[in-house]
Amino acid sequence: MTLHHTLRLALAATSLGFGLTFAGAALAAPDLVLRYNAPAQDNDTGWEKEALPIGNGRIGAMVFGQPGREHLQFNDITLWTGDDKTMGAFQPFGDVLVDLPAHATGVTNYRRSLDLVRGVHTVTYTHDGVNYKREAWASYPAQVIVLRLSADKPGRYTGSVALTDRHGANLAVSGNRLYAAGTLAGFVLPDQAPSTNVMSYASQVQVQNDGGKLAVDGKRIGFTNANSVTLVLGAGTSFVMDPARRFEGGHPLARVTQQVSTAAARPVDELRVEHERDLGGLLKRVELDLGPTLAERRALPTDARLLAYTREGGDPELEAQYFQYGRYLLTASSRGSLPANLQGLWNNSYAPPWNADYHTNINVQMNYWPAEVTNLSELAEPFFGFVNGLAPVWRQQTAQEFKGKDGKPIRGWTLRTESNPFGAMGYLWNKTGNAWYAQHFWEHYAFTRDERFLRETAYPMMKEAAAFWQDYLKVLPDGRLVAPQGWSPEHGPVEDGVAYDQQIVWDLFNNTVEAAGILDIDPELRAELTNMRDRLAGPRIGSWGQLLEWLDEKHDPVLDTPHDTHRHVSHLFALFPGRQIGPVKTPELAAAAKRTLEARGDAGTGWSMAWKMAFWARLHDGERAHRMLRGVLAAPGARAAEQGGIFSEHNNAGGTYPNLLDAHPPFQIDGNFGATAAMAEMLVQSHAGEIQVLPGLPKAWATGSVKGLRARGGFEVDIVWRKGLLKNVTVRAPSNDGKVKLRYGAWVTEVELKQGQSRTVSASLFK
């Protein structure tokens, strides 16, 4: 039975402070600091599994924390080899090395940490009776990375600083500044063709001492008997997102010089406070309390805590920390420049796995799943800029490859599986990548209700993607429409009517029709797309109750059998992130999706387990979703033994490294982002025209609260629950008027809000 209430409630007072109260419930103090009792190994293993990431969305670093030699291995997200025809790879930029020879031995009380809310990496230790401290952060407002070394006794710092480069730059020292300036012209990766890339780049480090002396020593700057030392690092490239300019802007030297000089002229505490205020303005929007962890578990360093959780579970504060870590990583790797790539913006290799590229068949999309629902909408802007910026290049390649029956190029653009920031693409065509990209434009509008964005940015992109499919779809003899010669990503044959393609095209047409209706434009197009949407070959159920992955059921030893445990479950797109299948709207298809997931199993790569978590959340199965969280937030390979032998997937070693970065393996950041988004889906869903609270709440989160999640319609949502049951939900309308249905289980109530208002609804009003 469904009960409707039209609520006329007084405006609810809601606290906006981090860690304060809302809707009458107190949040536990969040444990949002990663802690370690040892430094990261200064090698490739330590980089991937132990070093901790800082970043401002454009530049970032992995910090190792060795007492005798601090190492900041840094990146600029735009430093790429390749061009619009050659793939190239995301490149490491350089290293800042701070040598403190006297500290290589005899250190006690060592601690290393990363505060996710402050965005500050800290190292503390005692040596020879002196307490030393290092703080490192990457400032978005100042566009620099800062490393501050201090001690509780004066005159105790003696050492040197070096700046290295990975591509043969000219290195120089002048005064108290280290310089590197170079070009990628002529730089060619092994096994790749030469490119036209002439990107220039520059980095600088200003060394500032309080007390003692500085002196130039070759290509290093030494400091003697300093009270404290501050380093200000700047880096940049000539990349600009403009195909008409061959992606070449001005030389970055002057810009980097100004950024470093401006930051170095300010008090270091002022830089830190500015950085913390800026980052906190994003991260403090959402608070999550999943219940308390036992004190003895909470006291463990993060690496030991992860191992204990892998064995025993029972650490809701670690789960909440992991959720917030995903949000932290997005702020650190997607702000004001290119979008986050397969490794966010961190890379120490000339040839990173899959080039650390922009994979179009799940990975870059998964990077942005948490952006809207976890209240970080502006962090999706680099992705929108990437798509709009490269569309001219993609149009040219699409026109060369795809022709209509009349021999003319098909309208619009589409994508291959691999792509770089210059428009080059590789591997097989992933033709519905255009429609999947368009979904993110639509979702940004759905969550923000920014009609100007819809009219000027999202709808034109959606309309163009739809035009490609209007021209390209194939008519079967029975009148159904299918996507020709598609591929269920990385799995099975290339053929017509693959479920993955069918579901994504349905989603594109459905969203485009809705967008045109909101804008009250293109009535003829709306009618045509509605007709084509309804003629698409839709999801079907197979002989053992599974959702079919291909147009017709296979008769194969593995494909379409319960033994098929492949990491990609692409034919469930309609369940998540799509909205064509759901347990209320299409219960039979939802049951088939469940049967498919049961067969696919609960192991896999890191990102695969994160996607399965989101699937189970959409099926309102909180226990199974939480089991997937237990798999992805675990030592890599913890589930591998579950799916060996006859099963089809060979990489079941996914999980989480000690630094809480996702293990595909190797390191691949999409699993972090996907897991954060899936945890949000367990708590609130809004894709079905209503806000459903606690749709996938597991027993492990019996008592808790969340504040600040976003819902479609432009709403913010706070939820408090006790002993597995809803206590109250608060809905805010920060930027628009709105009326929305709230669902809790089988009960529905309705809330109407004016812009700026909030309403708190107790559980009793649902009954």
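Residues numbered from 1 in each chain as written. Predicted model: local features only at pLDDT ≥ 70, side-chain atom pairs only at ≥ 80, totals over all residues. Heavy atoms only, no water.

A look at the packing of helix H15 (residues 606-618) against helix H16 (residues 622-632)
Here's step 1: At a closest axis distance of 8 Å, the pairing of H15 and H16 adopts a crossing angle of 165°. What the angle tells us is that H15 and H16 run roughly antiparallel. For the element pair H15 and H16, the recorded crossing hand is left-handed. On H16, the residues that touch Gly606, Met609, Lys612, Met613, Trp616 and Ala617 of H15 are Arg624, Ala625, Met628, Leu629, Gly631 and Val632.
Here's step 2: When the residues that make up the contact of H15 with H16 are grouped by side-chain class, the tally is eight nonpolar, two polar and two charged. (Axes fitted to C-alpha atoms, helices over the stretch in contact; angles between N-to-C directions. Helix = DSSP H or I, 4+ residues; strand = E, 2+ residues; numbered from the N terminus. Parallel < 35°, antiparallel > 145°, perpendicular 65-115°, else oblique. Left-handed = near helix turned anticlockwise from the far one by under 90°. Contact = heavy atoms within 4.5 Å. Nonpolar A, V, L, I, M, F, W, Y, C, P; charged D, E, K, R; others polar.)

Focus: the packing of aromatic side chains
Here's step 1: Enumeration according to the criterion identifies 36 aromatic pairs in this entry.
Here's step 2: Ring centres of Phe93 and Tyr201 lie 5.3 Å apart, and the angle between their planes is 85°; on these two criteria the pair is classed as edge-to-face. Of the two residues, Phe93 is situated in the loop between strand S6 (69-76) and strand S7 (94-99) and Tyr201 in strand S15 (residues 200-210); the sequence distance between them amounts to 108 residues.
Here's step 3: Residue class for Phe93 comes out buried when judged on its relative accessible area of 1%.
Here's step 4: Residues Phe386 and Trp394 carry aromatic rings whose centres are separated by 6.0 Å and whose planes lie at 70° to one another, so their mutual orientation is edge-to-face. A single burial state applies to Phe386 and to Trp394, both of which are buried.
Here's step 5: In this structure an aromatic cluster arises from ring pairing among Trp80, Phe90, Tyr358, Tyr368, Phe383, Phe384, Phe386, Trp394, Trp413, Tyr437, Phe441 and Phe453. (Phe/Tyr/Trp six-rings, centres within 6.5 Å; stacked < 30°, edge-to-face > 60°. Buried < 20%, exposed > 50% of the residue type's maximum accessible area, 1.4 Å probe, protein only.)

Some details on the packing of helix H11 (residues 451-472) against helix H12 (residues 499-519)
Here's step 1: Where H11 meets H12, the closest approach of the two axes is 9 Å, and the angle between their N-to-C directions is 140°. The angle between the axes of H11 and H12 places the two elements in the oblique class. The chirality of how H11 crosses H12 is left-handed. Contact with H11, carried on its side by Glu451, Leu454, Arg455, Tyr459, Met462, Lys463, Ala465, Ala466, Trp469 and Gln470, involves Val505, Leu508, Phe509, Asn511, Thr512, Ala515, Ala516, Ile518 and Leu519 of H12 and no other residues of that element.
Here's step 2: Within the contact of H11 with H12, the residues separate by chemical class into 13 nonpolar, three polar and three charged.

Observations concerning the sheet that holds strand S17 (residues 220-226)
The pairing of strands in a sheet comes from backbone hydrogen bonds and takes either a parallel or an antiparallel form.
Here's step 1: Pairing is antiparallel across the open sheet formed by seven strands, whose spatial order is S4-S5-S6-S7-S12-S17-S16. The open sheet is flanked by strand S4 (52-55) and strand S16 (213-217), the only strands paired with a single partner. On average, each strand axis in the sheet is inclined to that of its neighbour by 20°, with strand direction left out of account.
Here's step 2: Two strands pair when backbone bridges link them, and strand S5 (residues 59-63) and S6 are joined in this way by five bridges, in the antiparallel orientation. Residue Gly60 lies in a different strand from S6, and its bridge partner there is Asn75. (Pairing = 2+ DSSP bridges.)

Coordinates in, geometry out; function isn't part of it.
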